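Here is how the chains run, residue by residue.
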Amino acid sequence: MSATLIKNIGILAGIGDPSAPLRGAALAQLEQLSNAWLLVEDDTIAGYGPMDTCPGAPTAVDAAGCMLLPAWCDSHTHLVFAAGREHEFRDKLAGVSYAEIAARGGGIQASASAVQAATEEMLFTGAWTRLEEISKTGTGAVEIKSGYGLTVEAELKMLRVIKKLRERSSLLIKSTFLGAHSIPAIYRHDTEGYIREIIEEMLPVIAAERLADYIDVFCEEGFFNPDQTARICRAGIDYGLKPKIHANQLNVSGGVQTGVAVGAVSVDHLESMDDAAIASLAGASTIGCMLPGAAFFLRMPYPPAREMIAANCALALGSDFNPGSCPTGNIPLLLSLACVNMRMMPEEAINAVTINGAFAMGVNKEAGSIAVGKNANLILTRPMPAISSIPYYFGSNPADRVMLRGQWQ
Ligand code: NIG
Ligand code: FE
């Protein structure tokens, strides 16, 4: 057994093992201990406490007053893709909307053409580089979606890449089948035909090869409507996949209510919320996962975080790392966006991307907080005086060292 003691931690934050996601006023309760130690045995947190109870250990790291936090749990990414979409960036800056770019055959369709042409090895190498990049800014668990395949073969290729990433990476990885991300060109006038392909040809193989944990649908005008979304989700449930839905991004789409109705683990985006959507989420166990990076990059209104916190919704934050609406998985930057543009308090934003993020991707038993028995996925910060320093120094990386499964990266 290997043991590492981390001592003289200025602030040990994110302590606890809640049995449900934090909501309402509890989202601001980031449990902390000043002047603390934490012991890692093998890949697991074995203990922690105040420095006056510090045990001895063969290997000790002196945190010298810096902070220690649980690594981020990013519950929404599309980080397997073949190429960036820099060629659309100028059009976007010139005012062409996300929906218009999609209608011209750009957007998700452009990413799908690139994925269809790529080998599994190429996709793996690109995604592996992105995993290394996000782990440097403190991400320890990540959900990854398919959805840039849009054919049976290419969707399965993406999911097999995610499976390989999961087997080889130190990050905790969950896999989501997002065949219903867009309607491929050959089905332009036959959405139902594509839905049949998803349900009858993709899902059986995905279930047989255990390629996904979750099923996702882009519930949006011009993509999949609430009825189609519910049918696809229910088909996924029949194959053992839990729903996580893209809801209320560009329009008040009915996606939130649909997600709640099918018992979705999360409904994600939420830039376009009305009172009915907020009310339906407030009474549900479904988590609302907000993606401020996408709102920033698409110049959209941000999700109404304060209203949803006041309404008692369970909320997470995720990056949405993807080539179209958020080409970064940098969680510290996302925390700054959430605080500055959505007026979340630093403690709320950190809880939203640690313990609530863990719930939104089903890893709350292994990650997302400081608790004995959880994975030692930890961020040791550079010298910073307070929790609020993390979103305050926007654009800089608070992580000095990151530990994943007990190993410094
Ligand atoms: O979450 N909204 C749908 N899907 C992605 C964007 C996909 C893309 O533009 O490539 C999102 O923002
Ligand atoms: Fe997304």
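Keep in mind it's a predicted model, so treat the numbers as computed, not measured.

**Let's talk about the overall build of the protein chain**
Looking only at helices and strands, the protein chain has 15 helices and 16 strands in total. Its C-alpha atoms give the protein chain a radius of gyration of 21 Å, within 12% of the compact-globule value 22 Å for 409 residues. C-alpha atoms of the protein chain, sized along the principal axes, occupy 70 × 45 × 40 Å. Counting over 409 residues, the protein chain shows a buried share of 60%. Here the contacts in the protein chain between residues at least 6 apart in sequence split such that 73% fall between residues at least 24 apart.

**Re the coordination of the iron ion (ligand 2)**
The protein atoms donating to the iron ion (ligand 2) are His76 (NE2), His78 (NE2), His246 (NE2) and Asp320 (OD), with metal-donor distances spanning 2.1 to 2.3 Å. All donors to the iron ion (ligand 2) come from one chain, and their sequence spacing reads H-x1-H-x167-H-x73-D. Here histidine 76, found in the loop between strand 6 (72–74) and helix 1 (86–93), pairs with aspartate 320, found in the loop between strand 13 (315–317) and helix 12 (331–342); they are 244 residues apart in sequence, far enough to count as distant. For the pair formed by histidine 76 and aspartate 320, the shared burial category is buried.

**Quick look at the site of ligand 1**
Near ligand 1 lie 15 residues; those nearest to it are Tyr98, Tyr148, His181, Gln249 and Ser325. A distance of 2.6 Å is found between an oxygen atom of ligand 1 and a side-chain nitrogen or oxygen belonging to tyrosine 148. The side chain of histidine 181 places a nitrogen or oxygen atom 2.7 Å from a nitrogen atom of ligand 1. Protein coverage of the free-state accessible area of ligand 1, which is 330 Å², stands at 100%. Grouping the amino acids of the shell around ligand 1 by side-chain chemistry returns 4 nonpolar, 9 polar and 2 charged.

**Topic: the domain arrangement of the protein chain**
Here the domain parsing of the protein chain yields domain 1 (3–70 + 368–408) and domain 2 (73–360). Computed from C-alpha atoms alone, the centre-to-centre distance between domain 1 and domain 2 is 29 Å. Between domain 1 and domain 2, the contact holds 34 residues from the first and 38 residues from the second. Here domain 1 packs against domain 2, burying approximately 2700 Å² in sum over the two surfaces, 66% of which is carbon and sulfur. For the pair domain 1 and domain 2, the number of links is 0 salt bridges. Along the contact surface separating domain 1 from domain 2 lie 13 residue pairs in polar contact (both at pLDDT 80 or more). Only strand 5 (67–70), helix 15 (389–392) and strand 15 (399–404) provide two or more residues apiece to the side of domain 1 that touches domain 2. Its residues placed into classes, the side of domain 1 that touches domain 2 shows 19 nonpolar, 12 polar and 3 charged.

**Brief notes about the packing of aromatic side chains**
Per the counting criterion, the structure on display carries 6 aromatic pairs. Ring geometry for tyrosine 187 versus tyrosine 194: centroids 5.6 Å apart, planes at 40°, classification tilted. On the basis of relative accessible area, tyrosine 187 is assigned to the buried category, the value being 17%. Looking at tyrosine 194, the relative accessible area reads 0%, which means it is buried. Where tyrosine 392 meets tyrosine 393, the ring centres are 4.8 Å apart and the plane angle is 85°; that geometry is what we call edge-to-face. Sitting over the ring of tyrosine 214, lysine 244 keeps its end group 5.6 Å from the ring centre.

**Digging into the packing of helix 12 against helix 13 (residues 346–353)**
At a minimum axis distance of 9 Å, the contact between helix 12 and helix 13 shows a crossing angle of 135°. Taken together, the axes of helix 12 and helix 13 are oblique relative to one another. In this structure, helix 12 crosses over helix 13, and the sense of that crossing is right-handed. Residue-level contacts link Ile331, Leu335, Ala338 and Cys339 of helix 12 to Pro346, Ala349, Ile350 and Val353 of helix 13. Tallied by class, residues from the contact of helix 12 with helix 13 come to 8 nonpolar, no polar and no charged.

Basis of the calculations
- Residues numbered from 1 in each chain as written.
- Chains lettered and ligands numbered in written order.
- Predicted model: local features only at pLDDT ≥ 70, side-chain atom pairs only at ≥ 80, totals over all residues.
- Heavy atoms only, no water.
- Helix = DSSP H or I, 4+ residues; strand = E, 2+ residues; numbered from the N terminus.
- Rg over C-alpha atoms; globule rule 2.2 N^0.38 Å.
- Buried < 20%, exposed > 50% of the residue type's maximum accessible area, 1.4 Å probe, protein only.
- Contact = heavy atoms within 4.5 Å.
- Donors = N, O, S within 2.8 Å, 3.2 Å for Na, K, Ca; no water.
- Near = heavy atom within 4 Å.
- Polar contact = N/O pair within 3.5 Å; in protein donor to acceptor, adjacent residues only side chain to side chain.
- Areas by Shrake-Rupley, 256 points an atom, 1.4 Å probe, with all protein chains shown as cover.
- Nonpolar A, V, L, I, M, F, W, Y, C, P; charged D, E, K, R; others polar.
- Domains from an automatic or database assignment.
- Buried area = accessible area lost by both parts, 1.4 Å probe.
- Salt bridge = Lys/Arg side-chain N within 4 Å of Asp/Glu carboxyl O.
- Phe/Tyr/Trp six-rings, centres within 6.5 Å; stacked < 30°, edge-to-face > 60°.
- Lys NZ or Arg CZ within 6 Å of the ring centre and 35° of its normal.
- Axes fitted to C-alpha atoms, helices over the stretch in contact; angles between N-to-C directions.
- Parallel < 35°, antiparallel > 145°, perpendicular 65-115°, else oblique.
- Left-handed = near helix turned anticlockwise from the far one by under 90°.

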